[in-house]
Amino acid sequence: MRLASILVLFVTFICCQTVSAQNTLRLSGPGTWADQTQPLVLEVRVDNDADVDRVRLAIDHDETQITLDDFTVDIASGTPFIEFFPVEGGVIAQIIFDTPLLPAANTLLATLTYNAVSPTAVQDVVAVQFVDGVHGDPAIDNELELVGGSVVSATTGLTFEQYVAGILSFTLGTTDISVGATGISTVFLSTDTPVQGYQFAVAHDPAELVLEDVNLLGTVTEALGADFIIPEVLANGATMAVILDLEAPFEGQIIPVGSQQAIGQLEYSCVEHPLGTPPVEYAIDFIDGVLGAFPVTNIIVSEAGDTVQPEKFGNVVRCLTAPLPTDVQYFAGQLSGDAVVAAEGIPGGAVDVGLFYTEPQFAIDAFDISLSIPCELGFVGLSIVGSTLESVGVEFISTEVDEDAGDGDGCEFTALIVIDSLPPFDGQQAPATATPLLLGTLSGTIPISSPSGTSFPIEFIDGLDGESGTPVDNQVQILGLNYPAVGTASSVEVTLPSGTQFSRGDCNNDGGLDISDAISFLDFLFGGVGTLSCDAACDSNNDGGQDIADAIYALTFLFVLGPEPAAPFPGCGLSAGEPCASFSSCP
C-alpha cells in the first residue's frame, strides 16, 4: 500500500510538472508583503509550448485589502496591441502580438502594482489570482490563442500558478523628541501565523541617542499577559525576549494573526539637540547576533513551535531643534530717526507706507508678511527701490493686494519673500538689525473727501489669505526654520497742509473751470492783463509752474474730453507746497 501511494504521488508530480511546463500563466512576487506602506509589485509570466498570437487575462484581488495602482505590459520584443480594463475587484487585459510569441518558459508579459487600502488592511495573507468567468461583460476566461486559431484555456490544459503572500515582519515606528523630553519608538509585529514567543534586538549609535527603557507598556503582549519577559537595556541598543504561555495554568495566550501589532516600545532621549537648524534624524534598526550577553537574533516562535526570522524594517528617531532666541518685529509707516511712526498724507494726495523689520541677533533668509490695509487707500504692489531687499539682491518676491472688502477679512496685503532662491545659492541674507530696516514701500492715495484727523488703521494679522486664498502668517525663516514676527499696529493719518484752499483750473477765481479761465490766463501771460491771485489754481496740468501748457490742458479737458485737472478739483482743497496767496471762491 505504501509503495502504491508513493507511485501515485510520483505520477501526479510528473503529470503536473509536464502540464505546467507546457502552457501556464504565472503570478510571481515577493514571498511576504510585510511593509504594507510600500507597493506590492507582481509579474505576469507565461510558459507556452506553441506560437501564441494573443493572450487574455482575467485577474482577481480582494479590494478590501488592496487596490490596483498600475498595469504595465513588458514584452521583450515587438510592439503588441494592448487592451486593459480595471474592473471592480480585478483587472482584465488582452495582449495581441504583432509577431507570434515563440515557445518559451517563464516569459514576462506584464507587471501589476498594488497598494494596501490602509497600512493594516492585509491582516494575514494577500492573494492575487487568475479567475475565469468572473470579470468583464460578458465575463472572460484566461486564454492563450495559438497561431492557427486554436485556444488553450483551463478546460484544454492551461494551468495557473497563483500568488499568495503572507505577512511576517518586525517594524520600528518613528518618533520625535523635543528638547528636554523623551520619545517612544514602538516595535510592531505583522504575522500570518499565531505567535507564542519572540525576541528582538534593536541597535542605535550611543553618540547620538540614549536608550532610557525597553518595555511592553501599551502592547498586545501586555494585554495578553506574558509569563516570561527578559528586557535588556544596553549602551548601543536593547533586546527583549518574550514567551507568552510558559507557566501553569497554561491558558494558551498567543498573539493572533494580524498586522502592525505593538509588541514592545523603546524610550529614547537625544544626546544633544541641534540649535536653530532643522531636526536631525538618527537611525534605529534591528540587528542579528550582536547585542546581548548571548547575542540575540530577531525571531518569532509560531504556535506550532516553528522558529522563523521575520523581515525587519528599521526607522529613525528625530531630535527636534532647540529654537533660537529670536525677537523679530514688523513695523509699517514712515521712519523718523530710529523709530517708525504713522504715515501722513493730505486729502487727494499720495501716501507711502514703508514696511520695516528688526531682528537684533540673526540674519534672515525669508519673510512672510500678512497685513490688513485700508481699502480706501487703494494700495498697489510693493516697491523695493532703496530698500534692504534691493541692497542684498533678493531673488524671489510674490505679493498680493486683495481689495475685496466683502470677502470676510477686509482688504489685505500679503508677501512671500525669499532672498537667496536661485543657483548658485550664494547665501545672501537680510542682516540682523536692532534699528528698523526698510523691506519695501506700499503706495496709495488718500481720498479727497477725507477730513483732517482721519486715521486709516494698518495691522499685521496672521492668516490673511490675499487673492489666492492661501493663508499667510507673519514670520521669518532663519537657518531653515520658521520664527514668528510680532507686528506693531500702525495707521495712515490725514493732515491738512497750511495755506489757502483753492480749486485747480479756476484761474480767474470765479467759482468754476470754463473757457474764461483759459482766456484770462492767456491775457495775463501774453498781454500783461491782470494778476494771478492764486498761482496753484492756474497750474491746470499740475506740473509746478504756469505757462501756455496749462491753458491748453484746460481747453483740452473742456472741449475734447481730455484728462481732468488733479486734485483739488472740482471742489476746494489744499495742496502742499503750491503757492496760493488768496482765493475768495473757496472758504
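Residues numbered from 1 in each chain as written. Predicted model: local features only at pLDDT ≥ 70, side-chain atom pairs only at ≥ 80, totals over all residues. Heavy atoms only, no water.

### A closer look at the overall build of the protein
Argument step 1. For the protein, the count of helices and strands is 6 helices and 38 strands.
Argument step 2. Taking 587 residues into account, the globule formula puts the C-alpha radius of gyration at 25 Å, and the protein, at 41 Å, lies well above it.
Argument step 3. Along the longest, intermediate and shortest principal axes, the C-alpha atoms of the protein span 145 × 70 × 45 Å.
Argument step 4. Looking at the protein residue by residue over its 587 residues, the buried ones come to 42%.
Argument step 5. Nonlocal contacts in the protein, meaning residues at least 24 apart in sequence, comprise 75% of its contacts between residues at least 6 apart. (Helix = DSSP H or I, 4+ residues; strand = E, 2+ residues; numbered from the N terminus. Rg over C-alpha atoms; globule rule 2.2 N^0.38 Å. Buried < 20%, exposed > 50% of the residue type's maximum accessible area, 1.4 Å probe, protein only. Contact = heavy atoms within 4.5 Å.)

### Quick look at the packing of helix α4 (residues 515-527) against helix α6 (residues 548-559)
Argument step 1. Where α4 contacts α6, the axes come no closer than 9 Å and their chain directions differ by 165°. Classified by the interaxial angle, the pair formed by α4 and α6 is roughly antiparallel. Pair α4 / α6 crosses with left-handed handedness. Of the residues in α6, those in contact with I515, A518, F521, L522, L525 and F526 of α4 are I548, D550, A551, L555, L558 and F559.
Argument step 2. In terms of residue class, the contact of α4 with α6 is built from 11 nonpolar, no polar and 1 charged. (Axes fitted to C-alpha atoms, helices over the stretch in contact; angles between N-to-C directions. Parallel < 35°, antiparallel > 145°, perpendicular 65-115°, else oblique. Left-handed = near helix turned anticlockwise from the far one by under 90°. Nonpolar A, V, L, I, M, F, W, Y, C, P; charged D, E, K, R; others polar.)

### With respect to the side chain of T175
Argument step 1. Its location among the elements puts T175 in strand β14 (residues 175-177).
Argument step 2. Within the structure, the side chain of T175 is placed 3.2 Å from the backbone nitrogen of I184, a separation counted as a polar contact.
Argument step 3. In contact with T175, not counting residues within four places along its chain, are G183, I184, S185, V316, V317 and R318. (Polar contact = N/O pair within 3.5 Å; in protein donor to acceptor, adjacent residues only side chain to side chain.)

### Quick notes on the packing of aromatic side chains
Argument step 1. For the structure on display, the rule yields 7 aromatic pairs.
Argument step 2. Where F170 meets F286, the ring centres are 5.7 Å apart and the plane angle is 35°; that geometry is what we call tilted. A residue pair is termed long-range when its members are at least 10 positions apart, and F170 in strand β13 (residues 168-172) and F286 in strand β21 (residues 280-286) qualify at 116 residues. (Phe/Tyr/Trp six-rings, centres within 6.5 Å; stacked < 30°, edge-to-face > 60°.)

### Side note on unusual backbone geometry
Argument step 1. P568 follows A567 through a cis peptide bond whose omega is 5°.
Argument step 2. By secondary structure assignment, the location of P568 is in the segment after α6.
Argument step 3. Residues other than glycine seldom take positive phi values, yet F425 does so here, at roughly 55°.
Argument step 4. In this fold, F425 is placed in the loop between β33 (411-418) and β34 (433-445).

### Focus on the side chain of T113
Argument step 1. Summarising the element assignment, T113 is placed in strand β7 (residues 104-116).
Argument step 2. With a relative accessible area of 15%, T113 lands in the buried category.

### Digging into the pairing of strand β26 (residues 328-336)
Argument step 1. Sheet analysis places β26 next to strand β37 (residues 481-487), joined by 3 bridges and oriented parallel. Residue Q329 lies in a different strand from β37, and its bridge partner there is V486.
Argument step 2. Relative to strand β29 (residues 350-359), β26 runs antiparallel, the two sharing 5 bridges. Its bridge partner being in β29, G333 is matched across the sheet by G354.
Argument step 3. Bridge count between β26 and strand β27 (residues 339-341): 3 bridges; the pairing is antiparallel. Looking at β27, one finds that L335 is bridged to V340. (Pairing = 2+ DSSP bridges.)

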